[in-house]
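Secondary and tertiary structure notes
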Amino acid sequence: MRSRTPDRLCAEAVDVALAVTQEAAGPDSVGAHLRVVAEGDRVVTHHFACEEPAYRGWHWATTLTRASRSKQITIDETVLLPGGDAVLAPTWVPWSERLRPGDMGPGDLLPAEADDLRLEPGWAAAPVPAPAPVDEGGPALPVPSVAEIGSVAAELGMGRPRVLSRYGLHTAADRWEEEFGPKTPMAQAAPAQCDTCAFLIPISGSLGQAFGICANEYSPADGHTVSLGYGCGAHSEAAVMPKAVELSPMVLDDLEDAEAEG
Ligand code: SF4
């Protein structure tokens, strides 16, 4: 239990603490003696002001101790500690929580964690089990080879160690809906929806029921995955372009010119 009264011998050893602190920090860094704090039985910390301009509000702390029934003071440690008005760095946050969409640059690597909820195991080329015995007289069913299964899996987009999980699909759909969904101001003001637009490229898979890709260079969604309920003013059938106005031929006033000459 921490003693409230500092050990007398350790508390009186201010010179020892000062010398140790100056040795560790440099003589110009250590200022006035501030206080003595009892850390425990025969364990005392001496605090000194820090004179470093870059460490305003910080102070040096040197802890002294001694063995029971000994008058020999022992140095424990010297550290620089922040005070109440010290300038501190922001609380450290793991990189995985600091990372934001768009932070990645060329050459950066961002492998997905092994337990990433957005992913689940894909098809793996495991050995094909032996065919089950068939009743005598019944036809023997052909067993596909690993290569055959692999080619079908690759065609279905499953020939990867991991594929998008249901959770991954949902979170992606939510993100896309937020940016290019029917509730956006652009879609609300659009003359028609993407599902009737000629610039919409359909996508395969389950997400194809709700999304496609916009291929209109004049649309704000060009190259993006858009909800079928999204829409913009560049919809292919938004309006018929007005025909060019035919100008009438120029008319010259010959009569006035003839009267002037006559
Ligand atoms: S041009 Fe507009 S309406 Fe057409 S697909 Fe793109 S975003 Fe949708």
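Since the model is a prediction, treat every value here as computed from it, not as a measurement.

What follows concerns the overall build of the protein. Along the backbone of the protein there are seven helices and nine strands. Across the 262 residues of the protein, 23% fall into the buried class. Partitioning the intrachain contacts of the protein with sequence separation of at least 6 by distance along the chain shows that 52% fall at a separation of at least 24. Carbon and sulfur atoms provide 57% of the accessible area of the protein, an area that totals close to 19,400 Å².

On to the sheet that holds strand E9 (residues 225-227), then. Spatially, the three strands line up as an open sheet ordered E7-E8-E9, and their pairing is antiparallel. The sheet is open, and its two edges are formed by strand E7 (200-202) and E9, each paired on a single side. Ignoring strand direction, the axes of neighbouring strands in this sheet form an average angle of 50°. One ladder, built from three bridges, connects strand E8 (residues 211-214) with E9; its direction is antiparallel. Pairing of Phe211 across the sheet is with Ser227, part of E9. Contacting E8 and E9, helix H5 (residues 166-180) crosses the sheet at an angle of about 80° to E9.

With that out of the way, let us pick up the site of the ligand. Lining the immediate environment of the ligand, one finds Cys194, Cys197, Cys214, Asn216, Ser219, Tyr230, Gly231, Cys232, Ala234 and His235. Considered class by class, the residues forming the shell around the ligand number six nonpolar, four polar and no charged.

What follows deals with the pattern of salt bridges. Two side chains that carry opposite charge are able to pair once their charged atoms sit near each other. Using the criterion set out here, one finds three salt bridges in the structure. The closest approach of N and O atoms between Asp7 and Arg66, which form a salt bridge, is 2.9 Å. With a gap of 59 residues between them, Asp7 in the segment before helix H1 (8-12) and Arg66 in the loop between strand E3 (58-65) and strand E4 (74-82) connect regions that are remote in the sequence. Residue class for Asp7 comes out buried when judged on its relative accessible area of 10%. Classification of Arg66 by relative accessible area gives buried; the value is 18%. Where Arg118 meets Asp116, a salt bridge forms, and the shortest distance between an N and an O atom there is 2.6 Å. A residue is classified by how much of its surface remains accessible, and Arg118, at 42% relative accessible area, is partly exposed.

Pairing geometry for E7 and E8, over three bridges, is antiparallel. Bridging across to E8, Leu200 finds its partner in Cys214.

Taken together, four strands build an open sheet; the order of strands is E1-E2-E3-E4 and the sheet is antiparallel. In the strand order of this sheet, the two ends are held by strand E1 (30-40) and E4, each with one partner. Strand-to-strand twist of the sheet, defined as the mean angle between neighbouring strand axes without regard to direction, takes the value 20°. Sheet topology note: the strand E2 (residues 43-50)/E3 ladder contains seven bridges and is antiparallel. What sits directly across from Thr45, in E3, is Thr63. Relative to the sheet, helix H2 (residues 14-25) contacts E1, E2, E3 and E4, its axis offset from that of E3 by approximately 125°.

On to the side chain of Thr62. As for its placement among the helices and strands, Thr62 is situated in strand E3. Here the side chain of Thr62 touches Thr78 through a polar contact of 3.0 Å, side chain to side chain. Filtering out sequence-adjacent residues up to four positions away, Thr62 remains in contact with Ala17, Val20, Thr21, Val44, Thr45, His46, Glu77 and Thr78.

This part covers the side chain of His235. Its place among the elements puts His235 in the loop between E9 and helix H7 (254-261). What His235 contacts, discounting residues up to four positions off in sequence, is Pro191, Ala192, Gln193, Thr196 and Cys197.

The next subject is unusual backbone geometry. The phi dihedral of Arg42 is positive, around 60°, even though this residue is not glycine. A relative accessible area of 29% means that Arg42 is categorised as partly exposed. If you check the backbone angles, Arg69 has positive phi at about 65° while not being a glycine. With relative accessibility at 84%, the residue Arg69 sits in the exposed group.

A few words on H2. The end-to-end C-alpha separation of H2 is 16 Å, in line with the 16 Å expected for 12 residues at 1.5 Å each. Taken residue by residue, H2 has Ala17, Val20, Thr21 and Ala25 as its buried positions. Projected down its long axis, H2 carries its buried residues within an arc of 115°, all on one side. Turned more than 90 degrees away from the buried face of H2 sit Asp15 and Glu23, all of them exposed. Contacts made by the buried residues of H2 are with E1, E2, E3 and E4.

Definitions and cut-offs
Residues numbered from 1 in each chain as written. Predicted model: local features only at pLDDT ≥ 70, side-chain atom pairs only at ≥ 80, totals over all residues. Heavy atoms only, no water. Helix = DSSP H or I, 4+ residues; strand = E, 2+ residues; numbered from the N terminus. Buried < 20%, exposed > 50% of the residue type's maximum accessible area, 1.4 Å probe, protein only. Contact = heavy atoms within 4.5 Å. Areas by Shrake-Rupley, 256 points an atom, 1.4 Å probe, with all protein chains shown as cover. Pairing = 2+ DSSP bridges. Axes fitted to C-alpha atoms, helices over the stretch in contact; angles between N-to-C directions. Near = heavy atom within 4 Å. Nonpolar A, V, L, I, M, F, W, Y, C, P; charged D, E, K, R; others polar. Salt bridge = Lys/Arg side-chain N within 4 Å of Asp/Glu carboxyl O. Polar contact = N/O pair within 3.5 Å; in protein donor to acceptor, adjacent residues only side chain to side chain. Expected span 1.5 Å × (residues − 1). Arc of directions from axis to C-beta.

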